[in-house]
Amino acid sequence: MANLALANLTKRKTRTLVSILAVAIEITLILVLIGLTKGTLNDVAARIQSIGADILFLPPGSSSILSLNNYFMHSNLKESIITTEGVKAVSPVITWFTNKLGGMGGNIIFGIDPKEFNNVGGKLELLRGTSLQGEYDMLVDRRLAEANNLHLNDQVELLNRQFTIVGILKVGVGARIYILLTTLQNALNEPNRVSLFFVKCQSAELVGEVASRLEKSFPGYKTQLSEAYAEDLAESAQGINQFISAITVIAILVSFLVILLAMYTTIIERTREIGILKALGATKAYIVKAIVTEAVALSIIGILCGYLLSFAAQTWISNTYPLITIIITPTWIILAGILGLVSGFLGSLYPSYRAARLDPVEALNYE
Amino acid sequence: MNKILRTENLEKVYRVGKIDIHAVQGVNLGIEKGEFVSIVGPSGCGKSTLLHLMGGMAKPTTGRVFIEGIDISTISDVKRAKIRREKIGFVFQRFNLFSALSSQQNLEIAMQICRNGNVDHQRIKEIMALVGLENKLHHKPLELSMGEQQRVAIARALVNDPLLILADEPTGNLDSENSYRVLYLLKDLNRNLGQTIVLITHNQEASKIADRKIKMKDGMVISPS
Ligand SMILES: Nc1ncnc2c1ncn2[C@@H]1O[C@H](COP(=O)(O)OP(=O)(O)O)[C@@H](O)[C@H]1O
Ligand SMILES: [Mg+2]
């Protein structure tokens, strides 16, 4: 039976190739889309966590996704936060979103006070150059610099001002672009505006207590534990997850339909062969199994091609868009494989049922 | 009398539009173990239909077919499939081999179907030797002559040691030399192995190879009457 299924695959090459391609694209779509979301979310979370602060103090109404925030607070809150019991250091940050310099949809800029940022743990590690000193100094991370072919002392225009790149940062701490807090505030014409405060506690055990104290003292304001940032971010990204689910479902449906069509044309084309099987005394179960086996074999080849295609896409995307990370996890490799198998299996069920029900004599006399 | 197959008032009516075609009507016949019987008659007289009824490929409109005493006209499709794989070996005019598979694989499929997936390669070799094709195990149908293809088909029919071989115009697509070879192969199988065979043909000459002849016309058996 396996012989028959495999022989049929090699006999109808175009049909086989199209079916394999459909499954491969299904797999690739799933793996790349999910890898893209995972990669982006992980990247964002890891950057925030690696700043080393314990708590993000956020204005009322704001979201965990910093780049989506349009909420601000007054910088004078800092004094009350720093005097809260258990707080060791506070660093006000103003964030700004720019569509410049690549990235998926743009980049977030942190306006910081370098000293205070370091005090909450934000060890900005310089690969080259110096820290922020002059008003129009700018730091960019290595990936962003490479992606835009930027070097030390290059000029970058931002907010109608000319900035000079004074340092190249190690990748992965906070934002990819840093300028001075006051510069960004002035540029926005909001000298007292702050987007968030990073808070460092006196010890790790105090983090929970400090967070609840802050929430009590500042009703409406939000505290986000750095530790829980990854999960909270994933939760805030529900919209993205729904989009991905929709695409996944469409990918599964398409490959299901292609397999259905391929197997359906196959059984019509091979009606006589099914008649022979019937004359040989094959049961309906045998015929169903023969056709499902063939579809599953197609799917398995398609899945393997899909894996190759996914890794190729991953490599291509990360070479073309260095700021984008795609994470393909073993879990999703397995899940995508299962989805591919299931759609191939389901797609072959109806055709195989039709084949099994054929009248033996009619099938045998089919021209 | 040891009748392995018996029909009782067998009728098959095809309805085409508003017309009833009585392809087989009132056929009563019996086949004994070890017999070589031919059924002859002009094209369209209902031979193939009769053979399909005898082999459990189709259900009669009325009447009954008994194989080893079991009425196969009333049993389920599943049981009829079991009768086909265990008791009947079909040979067709058009060979009906799987063209993508080698001779050996064609026989394997028949074996798998009958024996729940188990294949006896030794038996396949023996049967292929029996039909004189022991050196063509790995040839695909299109790499064989028509006569050879039909012999592979006969080997396939034999592979599960059937009670009865039903051959429908097995020489219909063959030249006279290959026709003789196939007919004498059947004759040998009957003589040497005691294989029961029913041969259907419209060719009077070919029918002579059998020990007993049944003549048909217009769906009925006309001789012996
Ligand atoms: N599926 C069918 N539908 C309608 N008529 C059929 C069908 N099969 C056979 N017949 C008719 O039944 C008669 C007997 O056919 P068949 O058994 O094939 O004869 P033979 O094998 O002797 O040539 C013919 O008139 C044929 O046209
Ligand atoms: Mg006929």
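Please refer to the structure placed before this passage.
So, here's what we can say about the structure. Computed from a prediction, not measured in an experiment: that's the story for all the values here. (Residues numbered from 1 in each chain as written. Chains lettered and ligands numbered in written order. Predicted model: local features only at pLDDT ≥ 70, side-chain atom pairs only at ≥ 80, totals over all residues. Heavy atoms only, no water.)

## Let's talk about the packing of aromatic side chains
All names here are of chain A. A complete count under the given rule lists 13 aromatic pairs over all chains for this structure. With a centroid separation of 5.1 Å and 75° between ring planes, the pair formed by Phe57 and Phe218 is classed as edge-to-face. One end of the pair, Phe57, is in strand S1 (residues 55-58); the other, Phe218, is in the loop between helix H7 (207-217) and strand S12 (222-225), with 161 residues separating them in the sequence. Residue Phe57 is classed as buried on the basis of its relative accessible area of 0%. Aromatic rings pair up to connect Phe57, Phe197, Phe218 and Tyr221 into one cluster. Its end group placed over the ring of Phe72, Arg193 keeps NZ or CZ at 3.6 Å from the ring centre. (Phe/Tyr/Trp six-rings, centres within 6.5 Å; stacked < 30°, edge-to-face > 60°. Helix = DSSP H or I, 4+ residues; strand = E, 2+ residues; numbered from the N terminus. Buried < 20%, exposed > 50% of the residue type's maximum accessible area, 1.4 Å probe, protein only. Lys NZ or Arg CZ within 6 Å of the ring centre and 35° of its normal.)

## With respect to the site of ligand 1
Residue and element names in this part refer to chain B. In the vicinity of ligand 1, the contacting residues are Tyr14, Val16, Ile21, Ala23, Pro42, Ser43, Gly44, Cys45, Gly46, Lys47, Ser48 and Thr49. Here an oxygen atom of ligand 1 sits 3.1 Å away from a polar atom, N or O, in the main chain of Gly46. Taking Ser48, its side chain carries an N or O atom lying 2.7 Å from an oxygen atom of ligand 1. Calculation on ligand 1 without its partners gives an accessible area of 560 Å², and the protein chains cover 62% of this total. Taken together, the elements giving at least two residues each to the shell around ligand 1 come down to strand S1 (3-16), strand S2 (19-27) and helix H1 (47-54). The greatest single-element share of the shell around ligand 1, amounting to three residues, is contributed by H1. Here the residues of the shell around ligand 1 sort into six nonpolar, five polar and one charged. (Near = heavy atom within 4 Å. Polar contact = N/O pair within 3.5 Å; in protein donor to acceptor, adjacent residues only side chain to side chain. Areas by Shrake-Rupley, 256 points an atom, 1.4 Å probe, with all protein chains shown as cover. Nonpolar A, V, L, I, M, F, W, Y, C, P; charged D, E, K, R; others polar.)

## Some thoughts on the interface of chain B and chain A
The interface is formed by 23 residues belonging to chain B together with 23 residues belonging to chain A. At the boundary of chain B with chain A, total buried surface from both sides reaches about 2,100 Å², with 61% on carbon and sulfur atoms. Run the count over chain B and chain A and you get two salt bridges. Two residues, A:Lys284 and B:Asp77, come together in a salt bridge whose shortest N-O distance is 3.8 Å. (Contact = heavy atoms within 4.5 Å. Buried area = accessible area lost by both parts, 1.4 Å probe. Salt bridge = Lys/Arg side-chain N within 4 Å of Asp/Glu carboxyl O.)

## With respect to helix H6 (residues 176-193) of chain B
All names here are of chain B. The terminal C-alpha atoms of H6 lie 25 Å apart, and with 18 residues this matches the ideal 26 Å at 1.5 Å per residue to within 8%. Taken residue by residue, H6 has Asn178, Ser179, Val182, Leu183, Leu185, Leu186, Lys187, Leu189 and Asn190 as its buried positions. Of the residues trailing H6, Gly194 is marked for its positive phi of about 70°. (Expected span 1.5 Å × (residues − 1).)

## Concerning empty space enclosed by the protein
By rolling a water-sized probe across the atoms, one finds the places where empty space is left. Overall, the coordinates contain four cavities of 30 Å³ or more when judged by the stated rule. The volume enclosed by the largest cavity comes to roughly 140 Å³. The wall of the largest cavity is formed by 15 residues, among which A:Ala279, A:Leu280, B:Ile88, B:Gly89 and B:Arg156 lie closest to the centre. Broken down by secondary-structure element, the contributors of at least two residues to the lining of the largest cavity are helix H10 (271-279) of chain A together with helix H2 (77-87), strand S7 (88-91) and helix H5 (146-158) of chain B. (1 Å grid on protein atoms, 1.4 Å probe; cavity = no way out; pocket = protein on both sides within 12 Å on 5 of 7 lines; lining within 4 Å. Points joined across faces, edges and corners; volume = space filled by probe spheres on them.)

By themselves these figures say nothing about function.
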